[in-house]
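Observations on the three-dimensional arrangement
Here is how the chains run, residue by residue.
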Amino acid sequence: MSELFDAVDALIASRAPLPLPEERKRLRKAHGLTVDEVAAALKVRRATVSGWESGKTEPRPPERNAYARLLAQLAELYPAPVESATPARETTTPETFTAAPTPAPETPAEPPGTEAVTTAENAQPHTAGGAPPPAPVAGPRPARTTRTSSPPRRTAARKLTPAGTSTGGGDARFENGPLAVVDVEGGQVLAYCVGGLVLDVPAKSLPALVDWTLKEARLGAPKLSGPGKDSDPLLVLTEAACKRYGLPVTLTDEERLAGRIPEGHKVIKQLARAEWKLTKRGFGPWARIYRPARGSERACVQLCIPSWHALDSRHWGEAAQLPPPELARVLGTYASRVMTPRGSTAVTGLELMTALHPPTRASAPDATGKRHSEHNPGSLGTHPMDCAPCEAPDGHPLLADLPRFHVRGPEEKLFEEAYDWARPLTDAECLRRHLVGIDVNMAFAAGANGLVVGLGKPTHLKQPAFDAKLPGAWLVDLSHVDLSKVKVGKEWTELDGALLPSPFTPKGERPQGPAWYATPTVAYAAELGYEVHPTEAWVRYDNGRYMDGWYNRLRDAYIATMADLGVTADLPPEEFLAAMDGYRQRDPELAIVVSAIKATVKGGIGKLRERPRGEGWKPGQPWRALSRPTWRPDIRAAVISRTRTNMHRKIVKHAAFTGQYPVAILSDCAVYAADGTSPLDFLPYRASKPLPGGFKLGVNPGLVKWEGTQSVLWGEGLHEQYGQDLNLARYIKDGQVTGQDNGE
């Protein structure tokens, strides 16, 4: 009989009911599980779980029964949300509209022919949470309409929003979108929301405005990760709104330097009387007004005041001068595709990392049925992590015992920075007519893709064997690496090493002895065919691909917005260059979003090693940023190391195939001498297919676009005027010599 029972059990297991593929993915992400974790628990490959979640394959016994059990338990913890079926109120389209805007194209697929390219930027990465949903379609430009005395209403711009666009991400709690621009017209306070929605605001004071926002406005955004928190609503106050609510239109020089208005300001006193609090940074351009949380109840509102320089013109262009509906569109598109801004683009880039990997999650029920907060695997946790001595920047408390004027050399300090390298032109290059610059799209985001970084504390090792899979810092001598003979793929290749920068130093000079390097740099030395023998290391055994979700979110935001501007991922080289020509003028507002996304990438990476800024700081003392779990100079070093070696790998591949060498490299921009003005005049394309592993034109992160073209005479003239060390890549875009970095 036992055999019969076993047969019955096997038959039941083979038909164990499973939810739909989309629900499988939702349940896994809701609990903060990665595909790798599920695969390890079920003893199957990662690709197998991905197939189950995409619906391409179905699990078979014995894994099917275990998988069904896992999903059933998760379904009890995270029931499927019930979406509101209440229709939105809309008004008739006024006659002021002359034409409906063209719906923006959807996020494009990867370009054809990517199977021939071996570089990582062309492969769709496997994310910790599966493939993200398509980025929201950008709404059309809103139009000004005559306000009526009706209750909260949707204007014509909302009426014409393309199908599939959602202001609140399908969550009824946030049906009016993540933010609103508050303005005053004809004595009435109005809130311009995403999609053209305009709300009448009854609040007469700032505390009342905060109350209205939390109780009636239905603003905010759902969390980006299962264990995370919803985004607080953002109110953007125009100059008229500042006047209405008793705030200064602009800050005095003293207030601007302090980053806040005085504690004794009447509006701050109003908030205090209403039992609202401000964060330690006070009431500045990006203020957060809150009350202590009561259970899961949200009690926080963010303020953004553009006239106080909240929107840095280097990253947000002329956004601060836009009318309220247009400003709502710009910030709303950014919020829906990246996240609701939490401050500068750098701050938002850092907050995005935490939002995708929250530090804690709810535990399984204990014996009494209660849940507790516990560490979320794959996150950076809730407590700051001490860095290794070599990773510490100058002035760090770990270095307090060093002599006052001691200057640390490469054998004491990890110095991983982006390229700033240039060389004189050769005689042959001087005979060419042009200098052409190419720029790597979102190079630092591409460098973070698939990168294994440390999550836990560093461990000190003596005489370690190098392990390319172990993130950390390594003290090793790489001066023996000869660039005149390196491995390209599996074959040794002879190059003109004098025309190449070293991949190990930002200035491109050859190392002179032992120095500290991040894991990607040392791994690249081994890839070039040379043995590496570290004498010391600080490594992190607790590690993971922490940056993958961050990369995917920003990649999708960038590609979707560029597609809205007419630059899609499936364009052949010639059409791509034509599409990039003047793309910003097609929709200047979306062009602002593109700039902000790129600034979020660079700023977020830089914020991982934030330095002290004023605050009465003295060397050897801690500064505010050190108290953050996201102060991680080791992660910043690893991303920059990977980005720099990615660039070097491409120029080596290009040199081996064409015999052409760059004359200058600045971060993510490389300049080559060519006979024509286009990148196609020196990039080795054949039948629209690029050199595998080399530079490829395209919109995806890691691919390149045209940066600018100047004449060789221009370059030689600058060298004669400013010296041979002048980096031409810095000025290749517009030819103007300034102190500002023109490379994107």
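Throughout what follows, the structure given in this document is the object of discussion. No experiment lies behind these values; they were computed from the predicted model shown.

1. A closer look at helix α18 (residues 573-580)
Since the α-helix turns once every 3.6 residues, residues separated by three or four places project in the same direction. Buried residues of α18: Pro573, Phe576, Leu577, Ala579 and Met580, and no others. Along the long axis of α18, the arc covered by the buried residues comes to 160°, so they all point the same way. Those residues of α18 that are buried are in contact with α17 (548-564), α19 (583-586) and β23 (704-711). Downstream of α18 by one or two residues, Gly582 has phi in the positive range, about 75°.

2. Topic: the pattern of salt bridges
Across all of its chains, the model carries 38 salt bridges by this definition. The salt bridge partner of Asp171 is Arg173, with a shortest N-O separation of 2.6 Å. A salt bridge links Glu263 to Arg260; the shortest N-O distance between them is 3.7 Å. Overall, Arg260 belongs to the partly exposed group, its relative accessible area being 23%.

3. Observations regarding the pairing of strand β16 (residues 485-488)
Burial along β16 is one-sided: Val486 and Val488 are buried, while Lys485 and Lys487, pointing the other way, are not. Where β16 lies against strand β17 (residues 491-494), four bridges are found, and the strand directions are antiparallel. Within β17, the residue paired with Val488 across the bridge is Glu491. The loop that links β16 with its antiparallel partner β17 comprises two residues; one of these, Gly489, has a positive phi angle of about 75°.

4. A word on the sheet that holds strand β14 (residues 459-462)
With antiparallel pairing, four strands are arranged side by side in an open sheet as β14-β19-β15-β18. Of all the strands in the sheet, just β14 and β18 (514-518) have a single pairing partner and so form its edges. Across the sheet, the mean angle separating the axes of adjacent strands is 20° when strand polarity is ignored. The pairing of strand β15 (residues 472-477) with strand β19 (residues 536-539) spans four bridges and is antiparallel. Bridged to Gly472 within β19 is Val539.

5. Description of the environment of Leu398
In this structure, Leu398 sits in the loop between β10 (373-375) and β11 (420-422). For Leu398, a relative accessible area of 46% corresponds to the partly exposed category. Between the C-alpha atoms of Leu398 and Asp386, which are 12 residues apart in sequence, the distance is 9.0 Å. Setting aside residues no more than four positions away along its own chain, Leu398 makes contact with Cys387, Ala388, Pro389 and Ala392.

6. Considering the sheet that holds strand β21 (residues 664-666)
Taking strand neighbours across the sheet as the criterion, the five strands line up as β11-β21-β22-β12-β23 in an open arrangement whose pairing is antiparallel. Only two strands of the sheet have a single neighbouring strand rather than two, namely β11 and β23. Across the sheet, the axes of successive neighbouring strands diverge by a mean angle of 20°, strand direction being ignored. Pairing geometry for strand β12 (residues 434-440) and strand β22 (residues 669-674), over six bridges, is antiparallel.

7. Describing the packing of aromatic side chains
Throughout the structure, instances matching the rule amount to 10 aromatic pairs. Judged by centre distance (6.2 Å) and plane angle (65°), the ring pair of Phe504 and Tyr517 falls under edge-to-face. Of this pair, Phe504 sits in the loop between β17 and β18 while Tyr517 sits in strand β18; the two residues are 13 residues apart in sequence, bridging distant segments of the chain. Residue class for Phe504 comes out buried when judged on its relative accessible area of 3%. Judged by its relative accessible area of 4%, Tyr517 falls in the buried class. Ring plane angle 80° and centroid distance 6.0 Å describe the contact between Trp623 and Trp631, whose orientation is recorded as edge-to-face. In this structure, Trp623 and Trp631 share a single accessibility class: buried. When the ring centre of Trp492 is taken as reference, the NZ or CZ atom of Lys485 above it lies at 5.8 Å.

Definitions and limits used
Residues numbered from 1 in each chain as written. Predicted model: local features only at pLDDT ≥ 70, side-chain atom pairs only at ≥ 80, totals over all residues. Heavy atoms only, no water. Buried < 20%, exposed > 50% of the residue type's maximum accessible area, 1.4 Å probe, protein only. Helix = DSSP H or I, 4+ residues; strand = E, 2+ residues; numbered from the N terminus. Arc of directions from axis to C-beta. Contact = heavy atoms within 4.5 Å. Salt bridge = Lys/Arg side-chain N within 4 Å of Asp/Glu carboxyl O. Pairing = 2+ DSSP bridges. Axes fitted to C-alpha atoms, helices over the stretch in contact; angles between N-to-C directions. Phe/Tyr/Trp six-rings, centres within 6.5 Å; stacked < 30°, edge-to-face > 60°. Lys NZ or Arg CZ within 6 Å of the ring centre and 35° of its normal.

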